Structures are given as C-alpha cells and as structure tokens.
Amino acid sequence: DQQVKQNSPSLSVQEGRISILNCDYTNSMFDYFLWYKKYPAEGPTFLISISSIKDKNEDGRFTVFLNKSAKHLSLHIVPSQPGDSAVYFCAASALGGSSNTGKLIFGQGTTLQVKP
Amino acid sequence: GAVVSQHPSWVICKSGTSVKIECRSLDFQATTMFWYRQFPKQSLMLMATSNEGSKATYEQGVEKDKFLINHASLTLSTLTVTSAHPEDSSFYICSARVRKGTSGSLLTYNEQFFGPGTRLTVL
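In this text the structure is predicted, and so the values were computed from the model without any measurement.

1. Quick notes on the pairing of strand E1 (residues 4-7) of chain B
On a regular strand, each side chain points to the face opposite its neighbour's, so the side chains alternate between the two faces of the sheet.
Residue and element names in this part refer to chain B.
Move 1: Going residue by residue along E1, you find Val4 and Gln6 tucked away on one face and Ser5 and His7 left uncovered on the opposite face.
Move 2: With four bridges joining them, E1 and strand E3 (residues 19-25) adopt antiparallel strand pairing. Of the residues in E3, the one forming a bridge with Val4 is Ser25.

Quick look at the structure:
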C-alpha cells in the first residue's frame, strides 16, 4: 500500500523554465510534508516543508503547494537550473495527536533533468 | 547546519559475515534516529525507528534479529546486518530527528537530517 505516490518517474525541463513535481497521498492523518533532493549514492537533502495548516510555503526558487482536499502537493522550482537535476522525493508525516513517531513515508521519487 | 555522518560509506563483505554501520549526529543531539534502505531506482523504505536508551521499533517485514539496532547515546546509532546475504546488498541511510516544539502544543516540527548513506555489497 503506497501511501505517498509520485506518479511521474522523470521530468525534463529547459533551463530557466518552471519545474513542477507532483505528489499524492492517501492517508488523511498526514499533516506535515517535506521535499528532499537526492543525488546518486548520497543521502537526501532537505529542501522545503509545509504544514497542513498552510497551503503554500515559499523559499527562494522553491515553492510547495498543498491541496488537502485533493490530498495533493506539488513542488515548483522557478527558474530551473541545471544544478537542480537530481531525484526529488516527497515525504509525509503524521505529527498531530498523542502518537508522534516522526516517521517519514517517502514517495518513489521523480528524476528531474534540467537541460541547459 | 545539522550534520549527520555515516561510517563506512561503502563496504563489501562475504556472505555470512556481519557488518556494522554507524550513524552520528555531529553537531546536535538526536533523541530519535531512523534507518532506511533504498534499492536501485526505488524509494527510501523505513526499516526501523531508534530511540536513545530504548529498543528500536521495526517496520513490518523487517527482521529485528537480522538488523540489530543500538542507540546508546544521543549522537550515535548503529545498525548491524548479521549473517549478511547477497539480497541484503543495498544502500542504507540513516537520519536524525531534531525536534522543535511550540510551547503547549502537541504539534512539533519534524526535521530530519540524513546521513550520506552506506553502500553494502554482499558477495
């Protein structure tokens, strides 16, 4: 049962354009979402996060949008740069309530290629 | 920033041997560390949650007797793959959790910082 899904395994965009990476989840208990960037043979690097009390969070070129009713979030990168080429994982966690294990459930990842 | 290290970064061993992987939070204390495994072109799969001073909590399908986890201090957790077999070959990644909280609120901001990973190859 894949609770967090990234249905696009790959995405290719031109440098300077917008990259939009999508993520869907099924568990309504998730209330905190994160995006990580990962290069081969390295650990993930935290990019940006969003709490379910918000629908948008922006940090420089990165913006995450959350649509709770659709159980969907997206990461926008604008303008895209060749150095952004990597695998992007979305992750979800359930923080609220008395049981906060901090567990992150990851999607399958989307490989982004930004062409010069 | 928060730095997490792993040692070794890669290891090759013979089938049947045991391998220990260390995960250290270098500049912060981590009450909780997580161990993940990633097979090629797949997602990071959580193996277990390790809390300092207590037994690890394993995810369904993960053999606790095969993957021994010790979290003896607030900065160190170890994963030992016992009697390793070729199917255990994978990329193992740890993360350390930093907790920030709002006073009086159950909602905590869950920041996890990941180590660089350990590539295990079992021959």
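2. A few points about the pattern of salt bridges
Move 1: Evaluation of the coordinates by the stated rule reveals four salt bridges over all chains.
Move 2: One salt bridge in this structure joins Lys103 of chain A and Glu59 of chain B, with 3.2 Å as the shortest N-O distance. Of this pair, Lys103 of chain A sits in the loop between strand E9 (86-93) and strand E10 (105-106) while Glu59 of chain B sits in the loop between strand E6 (57-58) and strand E7 (67-73), placing the two residues on different chains.
Move 3: Note that Arg24 of chain B is salt-bridged to Glu22 of chain B, the shortest N-O span being 3.4 Å.
Move 4: For Arg24 of chain B, a relative accessible area of 34% translates into the label partly exposed.

3. Remarks on the state of the cysteines
Move 1: Tallying each qualifying case throughout the model produces two disulfides over all chains.
Move 2: One disulfide in the model links Cys23 of chain A with Cys90 of chain A; its S-S distance is 1.9 Å. Sign of the S-S torsion, about 60° for the bond between Cys23 of chain A and Cys90 of chain A, identifies this disulfide as right-handed. Linking Cys23 of chain A in strand E3 (residues 19-25) with Cys90 of chain A in strand E9, this pair joins segments that are 67 residues apart in sequence. Exposure class is identical for Cys23 of chain A and Cys90 of chain A. Each is buried.
Move 3: Considering cysteine sulfurs only, Cys94 of chain B is the nearest to Cys13 of chain B, which forms no disulfide, with 18 Å between them.
Move 4: On the accessibility criterion, Cys13 of chain B (9% relative accessible area) is buried.

4. What about the side chain of Ser43 of chain B?
Move 1: By the element assignment, Ser43 of chain B lies in the loop between strand E4 (32-38) and strand E5 (44-51).
Move 2: When near neighbours in sequence (up to four residues on either side) are disregarded, Ser43 of chain B contacts Phe89, Phe106, Gly107 and Gln108 of chain A together with Arg37 and Gln38 of chain B.

Rules used in this analysis
Residues numbered from 1 in each chain as written. Chains lettered and ligands numbered in written order. Predicted model: local features only at pLDDT ≥ 70, side-chain atom pairs only at ≥ 80, totals over all residues. Heavy atoms only, no water. Buried < 20%, exposed > 50% of the residue type's maximum accessible area, 1.4 Å probe, protein only. Helix = DSSP H or I, 4+ residues; strand = E, 2+ residues; numbered from the N terminus. Pairing = 2+ DSSP bridges. Salt bridge = Lys/Arg side-chain N within 4 Å of Asp/Glu carboxyl O. Disulfide = S-S within 2.5 Å. Contact = heavy atoms within 4.5 Å.

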